[in-house]
Amino acid sequence: MYGSGDRDWVVAARCRGVDTSMFFPQPEDGRGAVLRAERQAKEVCRSCPVIDACRAHAVRTGETHGVWGGMNYSERRAFERAMKLGRLQSV
C-alpha cells in the first residue's frame, strides 16, 4: 500500500495527535516510567493500520530512539538481525 520511500503512511498513523513523550520516553524519568510509556505506545501501535510501514521506516532509517511500529530500539535491532538471517520476510 505504501512505498518504501513514501511517507504518506504518516497521515494514517494512529499515533497522530498523541503525546509524543509516550513514544520517546526519557531515561531520566526512571526505568518504570520508561517501561510504562513503552507499553502505552505499543498499545496504540497494536491497532494501527500502518504499523508495518512505520516499522519499515524506522529500520530503514536506523531510528535509535523511541517506539516505532510497535517496537523499541532493541526489538527493532533483533527484528533487523532476524531479517538479515532470513528468519523473517523483509519489510
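Keep in mind it's a predicted model, so treat the numbers as computed, not measured.

Notes on helix α3 (residues 73-84)
Under the 1.5 Å per step criterion, the end-to-end length of α3 is 16 Å for twelve residues, consistent within 8% with the ideal 16 Å. Among the residues making up α3, those that are buried are Arg76, Phe79, Ala82 and Met83. Down the axis, α3 shows its buried residues gathered within 120° of arc, on one side only. Tucked into the core, α3 has its buried residues touching α2 (51-61). Directly after α3, the chain includes Gly86, whose backbone phi takes a positive value near 80°.

So, helix α1 (residues 31-46)
Three or four residues apart is the spacing at which side chains of an α-helix point the same way, because the helix has 3.6 residues per turn. With 16 residues, α1 extends 22 Å between its outermost C-alpha atoms, agreeing within 8% with the 22 Å of an ideal straight helix rising 1.5 Å per residue. Looking only at α1, the buried set comprises Val34, Ala37, Glu38, Ala41, Lys42, Val44 and Cys45. Taken around the axis of α1, the buried residues stretch over an arc of 150°, which confines them to a single face. Those residues of α1 that are exposed and aimed more than 90 degrees away from the buried face are Arg39 and Arg46. Check the buried side of α1 and you find it contacts α2 and α3.

Considerations on the confidence of the model for the protein chain
Averaged over all residues, the pLDDT of the protein chain equals 89, while 91% of them reach at least 70. Mean pLDDT in the protein chain bottoms out at α3, which sits at 93, and peaks at α1, which reaches 96.

Here we look at the packing of aromatic side chains
A complete count under the given rule lists one aromatic pair for this structure. Arranged with centres 6.1 Å apart and planes meeting at 80°, the rings of Phe24 and Trp68 form a pair that is edge-to-face. In this pair, Phe24 sits in the segment before α1 while Trp68 sits in the loop between α2 and α3, placing the two residues 44 residues apart along the sequence. By relative accessible area, Phe24 is classed as partly exposed at 32%. For Trp68, a relative accessible area of 14% gives the class buried. Stacked on the ring of Phe79, the Lys or Arg Arg55 has its end atom at 5.4 Å from the ring centre.

Focus: the side chain of Lys42
Within the secondary structure, Lys42 sits in helix α1. According to the relative accessible area criterion, Lys42 is buried, its value standing at 19%. Beyond its immediate stretch of four places on either side in the chain, Lys42 contacts Val67, Gly70, Met71, Asn72 and Glu75.

What counts, and where the lines are drawn
Residues numbered from 1 in each chain as written. Predicted model: local features only at pLDDT ≥ 70, side-chain atom pairs only at ≥ 80, totals over all residues. Heavy atoms only, no water. Helix = DSSP H or I, 4+ residues; strand = E, 2+ residues; numbered from the N terminus. Expected span 1.5 Å × (residues − 1). Buried < 20%, exposed > 50% of the residue type's maximum accessible area, 1.4 Å probe, protein only. Arc of directions from axis to C-beta. Contact = heavy atoms within 4.5 Å. pLDDT = per-residue confidence, 0-100. Phe/Tyr/Trp six-rings, centres within 6.5 Å; stacked < 30°, edge-to-face > 60°. Lys NZ or Arg CZ within 6 Å of the ring centre and 35° of its normal.

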